[in-house]
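Residue-level structure breakdown
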Amino acid sequence: AQSVTQPDIHITVSEGASLELRCNYSYGATPYLFWYVQSPGQGLQLLLKYFSGDTLVQGIKGFEAEFKRSQSSFNLRKPSVHWSDAAEYFCAVGVTGQNFVFGPGTRLSVLP
Amino acid sequence: GAGVSQTPSNKVTEKGKYVELRCDPISGHTALYWYRQSLGQGPEFLIYFQGTGAADDSGLPNDRFFAVRPEGSVSTLKIQRTERGDSAVYLCASSPGNRGTTDTQYFGPGTRLTVL
């Protein structure tokens, strides 16, 4: 069965530090990959998506993600975290003809 | 408005009651999705509309849940005989084309349902 895992439930980083959030998926077909962010009281916002081509994808707010087929991973990165990045981050996977499956999320806290 | 809107933002009801949750998608978006998000979890797919028809309702947990989109725009999620386990945030999303795999889904702020 298709699944999406985000191994880290909660991550805390200091403002200005680098960030990597992990995402792994289990699918038979090549999936479409997404990262969404959910801030308190706000709706889910798309950060970036990968369909094909260059495996390093640039998104909004300075985020990027790298697709690694051999590792079935799509990790999200940011070189320097800002306090406003504190939120819940969700990896999601779509396969043609099927529905989105979201991972359980990683909560990011940012220390001043 | 420009985004997806959902009403009400909060709904408190008693066990056994009937509730309706409304979603207003972005104008012109043909696809509409409902998700349920329990505390500490990622959104879980419930149902997907393409136009007026439910293209996939495989995520609805049981026959107490039903959704309609009669004119291909606004959608209503209906829950009969609510149970405490139905308490969650119900999210709606819309996209301009097909089944979300290549389209970006635009999410509303959600309706927080609490069943006492």
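Here we summarise the structure given alongside this text. (Residues numbered from 1 in each chain as written. Chains lettered and ligands numbered in written order. Predicted model: local features only at pLDDT ≥ 70, side-chain atom pairs only at ≥ 80, totals over all residues. Heavy atoms only, no water.)

Concerning the pairing of strand E4 (residues 31-37) of chain B
All names here are of chain B. Cut-off, in case you're wondering: Think of it in three bands: with a 1.4 Å probe and only protein chains considered, a residue is buried below 20% of the maximum accessible area for its type, exposed above 50%, and partly exposed in between. By definition, any uninterrupted DSSP run of H or I lasting at least four residues is a helix, any uninterrupted run of E lasting at least two residues is a strand, and each is numbered from the N terminus. Pairs of strands are assigned from DSSP output, requiring at least two bridges between the strands.
Counted residue by residue, E4 has seven buried out of seven residues, so it is predominantly covered. The side-chain alternation of E4 yields two buried faces, one formed by Ala-31, Tyr-33, Tyr-35 and Gln-37 and the other by Leu-32, Trp-34 and Arg-36. Relative to strand E5 (residues 44-50), E4 runs antiparallel, the two being bridged by six bridges. Its bridge partner lying in E5, Leu-32 is registered against Phe-49.

Comments concerning the nonpolar core
One recurring pattern in soluble globular proteins is that nonpolar side chains are buried together. Here is the rule we go by: In these notes, a set of buried Ala, Val, Leu, Ile, Met, Phe, Trp, Tyr and Cys residues joined through side-chain atoms within 4.5 Å is what counts as a nonpolar core. Any two residues whose heavy atoms approach within 4.5 Å at even a single point are treated as in contact.
Formed by 28 residues in total, the largest nonpolar core has its most connected members in Leu-19, Trp-35, Leu-47, Leu-48, Phe-74, Leu-76 and Tyr-89 of chain A. Broken down by secondary-structure element, the contributors of at least two residues to this core are strand E2 (10-14), strand E3 (19-21), strand E5 (32-38), strand E6 (44-50), strand E8 (64-68), strand E9 (73-78), strand E10 (87-94) and strand E12 (106-111) of chain A. Tallying contributions element by element places E10 of chain A first for this core, with four residues. Beyond its immediate stretch of four places on either side in the chain, Leu-19 of chain A contacts Ile-11, Val-13, Phe-63, Leu-76, Arg-77, Lys-78, Val-81 and Leu-108 of chain A. Within the second largest apolar cluster, 20 residues are counted, among which are Val-19, Leu-46, Ile-79 and Cys-92 of chain B.

So, the interface of chain B and chain A
The cut-off we apply is this: Using a 1.4 Å probe, buried area is obtained as the accessible area two parts lose upon being combined, added over both of them. Salt-bridge detection follows one rule: a side-chain nitrogen of Lys or Arg within 4 Å of a carboxyl oxygen of Asp or Glu. A 3.5 Å cut-off defines polar contacts: any pair of N or O atoms within that distance qualifies, except that in protein one atom must be a possible hydrogen donor and the other a possible acceptor, and neighbouring residues in sequence count only when both atoms are side-chain atoms.
On the chain A side, the residues contacting the 21 residues of chain B number 20 residues. Here chain B and chain A share an interface that buries about 1,500 Å² over both sides, 55% of which is from carbon and sulfur atoms. Our enumeration of links across chain B and chain A arrives at zero salt bridges. At the junction of chain B with chain A, the criterion picks out three residue pairs in polar contact (both at pLDDT 80 or more). Looking at the side of chain B that touches chain A, the elements that each hand over two or more residues are E4 and E5 of chain B.

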